[in-house]
Amino acid sequence: MTFYYRPLVQHGPARPDGALPLAGGPLWFTHVEALARGHAPQVIPADDLPDHDLAPLIAPRAPLAGLAMDRPNVMGILNTTPDSFSDGGRHHDPEAALAGARAMIAAGADILDIGGESTRPGAQEVPAEEEIARTAPVIAAIRAEGATPISIDTRKAPVARAALDAGADLVNDVAGFTFDADLAPLCAARAVPVCVMHALGDPETMQQDPRYDDVLLDVYDFLAARIAALEAQGIPRARIVTDPGIGFGKTRNHNLALLGGLALFHGLGCPILLGASRKRFIGTIGGEPRAEARAPGSIAVGLAGLAQGVQLLRVHDVRETVQALRLWQAVRDN
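Residues numbered from 1 in each chain as written. Predicted model: local features only at pLDDT ≥ 70, side-chain atom pairs only at ≥ 80, totals over all residues. Heavy atoms only, no water.

Engineer: Please explain the packing of aromatic side chains as it appears in this structure.
Structural biologist: To describe a pair of aromatic rings, you give the distance between the ring centres and the angle between the ring planes. Summed over the entire model, instances satisfying the criterion amount to three aromatic pairs. A ring pair is formed by Phe3 and Tyr5, whose centres lie 6.4 Å apart and whose planes are at 15 degrees; its orientation type is stacked. Judged by its relative accessible area of 42%, Phe3 falls in the partly exposed class. Assessed through its relative accessible area of 13%, Tyr5 is described here as buried. Ring centres of Tyr4 and Tyr220 lie 5.5 Å apart, and the angle between their planes is 90 degrees; this geometry places the pair in the edge-to-face category. Of this pair, Tyr4 sits in strand S1 (residues 4–7) while Tyr220 is found in helix H6 (residues 215–232), placing the two residues 216 residues apart along the sequence. We note that Tyr4, like Tyr220, is buried. It is Arg155 that lies over the ring of Phe179; its NZ or CZ is 4.2 Å from the centre. (Phe/Tyr/Trp six-rings, centres within 6.5 Å; stacked < 30°, edge-to-face > 60°. Buried < 20%, exposed > 50% of the residue type's maximum accessible area, 1.4 Å probe, protein only. Helix = DSSP H or I, 4+ residues; strand = E, 2+ residues; numbered from the N terminus. Lys NZ or Arg CZ within 6 Å of the ring centre and 35° of its normal.)

What follows is the structure, given as structure tokens:
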């Protein structure tokens, strides 16, 4: 029987003796929830875990793309597409994209994520040449103005290559490096960090009746397998970020189950990225049909993720998120 261990994360100065640090950061835990397929969860002392299961939960995460992973980081979303679900067209023009990047940096973004292909439900594939034309010049322009880390959001090796040549620092693949067999070897050769995300199916079909045996454990197993595959291709675990893929082949209940169990993914020994900003389930639960008006719900989900030790928040509303993060940290550390 395979057991999975979700740390029951806590924070604040009232820290008992023997509390263990979560991923080398300021949050801590004393107990874990032990999960196994077909069995009821059990809460057990963290000290009862085997060393090989405990070690990844407490080990510090190495810096990535110049960012410390012992604190939360805000990743600003810059879609250079005409059809993204929330902000399609706003930054399609290169000058508008550069202005948007400047605004996000001024608002406190730690890293920018540049994407040239919409991955909204029902979206169709964009030719690599077009995706390059949308992203590489914008990345080069941002890089010419400063050193803010840049991520390229793509499934394709040619797009990633052009983006890295233009100055990108990280490759973020929503397909979990299963779409283009050349992408992982490229990232290994360039020694760049990567983000591996879970998605059930491709954007065109992923929301057509997605099903899981156990969404939390199924996503964990997928990411564990992809991390092993990337390591085998020369990308060390210290350069891998994981993303459970909120909204990518998931129902509302699937998303809520993943959000409630996010701390489980610390067991993979990698930083966690949470990308829930403006997603449909936030509008459904929050009663807001307009994606661009979902900042309050997005921030609420983001703060819930931070309370479970998430290191990267991928967001549209940078200024609002940075403000909320500063207040959350002030209260946490008081």
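Engineer: How should I be thinking about the sheet that holds S1 in this particular structure?
Structural biologist: Pairing between the strands of a sheet is mediated by backbone hydrogen bonds and can be parallel or antiparallel. Read from one edge of the open sheet, three strands run S1-S4-S5, paired in antiparallel fashion. Here the strands that pair on one side only, and so sit at the sheet edges, are S1 and strand S5 (39–45). Between one strand axis and the next, the sheet turns through 30 degrees on average, direction left out of account. Looking at chain direction, strand S4 (residues 31–36) and S5 are connected through five bridges and run antiparallel. Residue His31 lies in a different strand from S5, and its bridge partner there is Pro45. (Pairing = 2+ DSSP bridges. Axes fitted to C-alpha atoms, helices over the stretch in contact; angles between N-to-C directions.)

Engineer: Before we go on, may I ask you to explain the side chain of His198 in this structure?
Structural biologist: In this fold, His198 is placed in the loop between strand S10 (194–197) and H6. At 2.7 Å, the side chain of His198 and the side chain of Lys250 are in polar contact. Residues within four places of His198 in sequence aside, it is in contact with Tyr212, Val219, Phe222, Leu223, Asp243, Pro244, Gly245, Phe248 and Lys250. (Polar contact = N/O pair within 3.5 Å; in protein donor to acceptor, adjacent residues only side chain to side chain. Contact = heavy atoms within 4.5 Å.)

Engineer: Looking at this structure, how should I read the sheet that holds strand S13 (residues 312–315)?
Structural biologist: Pairing is parallel in the open sheet, where eight strands are placed in the order S11-S10-S9-S8-S7-S6-S13-S12. Each of the sheet's edge strands pairs with one partner strand only, and the pair in question is strand S11 (240–243) and strand S12 (273–274). Note: strand S6 (residues 73–79) against strand S7 (residues 111–115), five bridges, orientation parallel. Note that in S7 the partner of Leu78 across the bridge is Ile114. Sitting on the sheet, H6 is in contact with S10 and S11, with an inclination near 145 degrees to S10.

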